[in-house]
Amino acid sequence: MNFKQLTYFIAVAEELHFGRAAERLDMAQPPLSRQIKQIEEELGAILFNRGRSAISMTQAGERLLARGKSILAQLEDTKLEVRRLGQGAEGRLRIGFVGSATFGIMPNIIKSYRANFPEVNLSLIPMNNAQLHRALISRELDVVFARPALKDPEFLTRELLEEKLILALPDVVDTGGRSVAKLERLKTHNLILYPEYPRPSFADFVLKAIEDAGFEAPLRIWCMDLQTALGLVAVGEGVCVVPESVSNAPRKGMKFLKIEPEIARTALSLNYRLDEQGVHVQNFVKLAQKVARKLI
């Protein structure tokens, strides 16, 4: 018995009349009668008591009607669920991100995505670039915010924005009211770098930018992530070169200065697998790029 035959049976059971059921199904009565007979033979049970002027259901027919309606309802629910998943209206999306992404554009993107796709469950997982790379390769994540990007022939990268590097320093340091800093400050302060491993990392990018500008930072303190680095700055352990967006969230115990002349810029990007066909990822990337264009 297939789903079409089940709809034939339900029509006859609800109408209790072969003629009306055939009209409802837009088919002739003889083929409908044959289909019902075929179902009865397959199931080994009489479904209808056939009288001269009326028909009624047997106990077997009543049970099949109840179960049949439930089966068709489950089928429709399943089709709706699958359709919504296919449209990206529900499901899950696993997002990885570097810590600095939370200070910039990422919160706006997440907020906008939640507003447009409220039924999609989001998992937000902080990692460094090396961890993000491994998780994307192993499909433990669907899309990741990286800085500046993840290099792999299996990945697609969409740059969202580019920003300057600035200096985070303890608020007890006398800057004379200036809003800019020279790299000479690195000679008298510890330079806090992150992450310590794996390497190469954002720390190596910062060191190269400083060296390309003609300076060297001999006094170095290493830590594992941005939040720890900012905590060390706040307690006066040194200064830290960070993306400009980090200054969007004022933090007690520190201040931010622009570096002049500018030493380098860093980008924030979205990265996902080249073979990723899921509509959730495609919707997220399109929305992220739209939000980025508005904020730039």
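Residues numbered from 1 in each chain as written. Predicted model: local features only at pLDDT ≥ 70, side-chain atom pairs only at ≥ 80, totals over all residues. Heavy atoms only, no water.

Asks: Help me understand the overall build of the protein chain, please; the structure alone is not making it clear to me.
Replies: Helix and strand counts for the protein chain come out as 9 helices and 12 strands. The C-alpha atoms of the protein chain give a radius of gyration of 32 Å, which is well past the 19 Å a tight globule of 296 residues would have. Expressed as lengths along the three principal axes of its C-alpha atoms, the size of the protein chain is roughly 105 × 35 × 30 Å. Classification of the 296 residues of the protein chain by burial places 43% in the buried group. A separation threshold of at least 6 residues defines the contact pool for the protein chain, and within that pool the share at least 24 residues apart is 71%. Within the structure as shown, the protein chain displays about 16000 Å² of accessible surface, and the carbon and sulfur contribution to it stands at 50%. Charged side chains of the protein chain number 40 positive and 35 negative; the gap between the two group centres comes to 3 Å. (Helix = DSSP H or I, 4+ residues; strand = E, 2+ residues; numbered from the N terminus. Rg over C-alpha atoms; globule rule 2.2 N^0.38 Å. Buried < 20%, exposed > 50% of the residue type's maximum accessible area, 1.4 Å probe, protein only. Contact = heavy atoms within 4.5 Å. Areas by Shrake-Rupley, 256 points an atom, 1.4 Å probe, with all protein chains shown as cover. Lys, Arg positive; Asp, Glu negative; His and termini not counted. Charge placed at Lys NZ, Arg CZ, Asp CG, Glu CD.)

Asks: So what exactly am I meant to see when it comes to helix α1 (residues 3-15) here?
Replies: Residues spaced three or four apart along an α-helix face the same direction, because each turn holds 3.6 residues. Spanning 13 residues, α1 covers 18 Å between terminal C-alpha atoms, matching the ideal 18 Å at 1.5 Å per step. Burial in α1 covers these residues: Gln5, Leu6, Tyr8, Phe9, Ile10, Ala11, Val12 and Ala13. The N-capping residue of α1, defined by a side-chain oxygen 3.2 Å from the backbone nitrogen of Lys4, is Asn2. After α1 finishes, the residue Leu16 shows a positive phi value of roughly 50°. (Expected span 1.5 Å × (residues − 1). Polar contact = N/O pair within 3.5 Å; in protein donor to acceptor, adjacent residues only side chain to side chain.)

Asks: Explain the pattern of salt bridges to me, please; I cannot follow it from the model alone.
Replies: When their charged atoms lie close together, side chains carrying opposite charge are able to pair. One pass over the full model with this rule turns up 13 salt bridges. Across the pair Glu15 and Arg20 runs a salt bridge whose closest N-O atoms are separated by 3.6 Å. Residue classification places Glu15 among the partly exposed positions, given a relative accessible area of 25%. Take Arg20: its relative accessible area is 42%, and that puts it in the partly exposed class. Each member of the salt-bridge network shares a partner with another, and the members are Glu14, Glu15, Arg20, Arg24 and Lys69. (Salt bridge = Lys/Arg side-chain N within 4 Å of Asp/Glu carboxyl O.)

Asks: Could you clarify how one ought to interpret the environment of Arg199 in this entry?
Replies: Residue placement: Arg199 occurs in the loop between β8 (191-193) and α7 (202-212). Taking the C-alpha atoms as reference points, Arg199 and Ala101, 98 residues apart in sequence, are found 20 Å from one another. Residues within four places of Arg199 in sequence aside, it is in contact with Asp204 and Trp222.

Asks: How should I be thinking about the packing of aromatic side chains in this particular structure?
Replies: Any pair of aromatic rings gets described here by the distance separating the centres and the angle formed by the planes. In this structure the tally under the stated criterion is 7 aromatic pairs. Measuring from ring centre to ring centre gives 6.0 Å for Phe145 and Phe284, while their planes differ by 85°; the resulting arrangement is edge-to-face. Of this pair, Phe145 sits in strand β5 (residues 143-146) while Phe284 sits in helix α9 (residues 279-295), and the two are 139 residues apart along the sequence. Both residues of the pair, Phe145 and Phe284, belong to the buried class. Aromatic side chains Phe202 and Phe205 sit 5.9 Å apart centroid to centroid with 35° between the ring planes, which places their arrangement in the tilted category. Of the two residues, Phe202 and Phe205 are both situated in helix α7; the distance of 3 residues between them amounts to about one turn of the helix. For Phe205, a relative accessible area of 29% puts it in the partly exposed group. Ring pairs connect the aromatic residues Tyr113, Phe117, Phe145 and Phe284, which therefore count as one cluster. (Phe/Tyr/Trp six-rings, centres within 6.5 Å; stacked < 30°, edge-to-face > 60°.)

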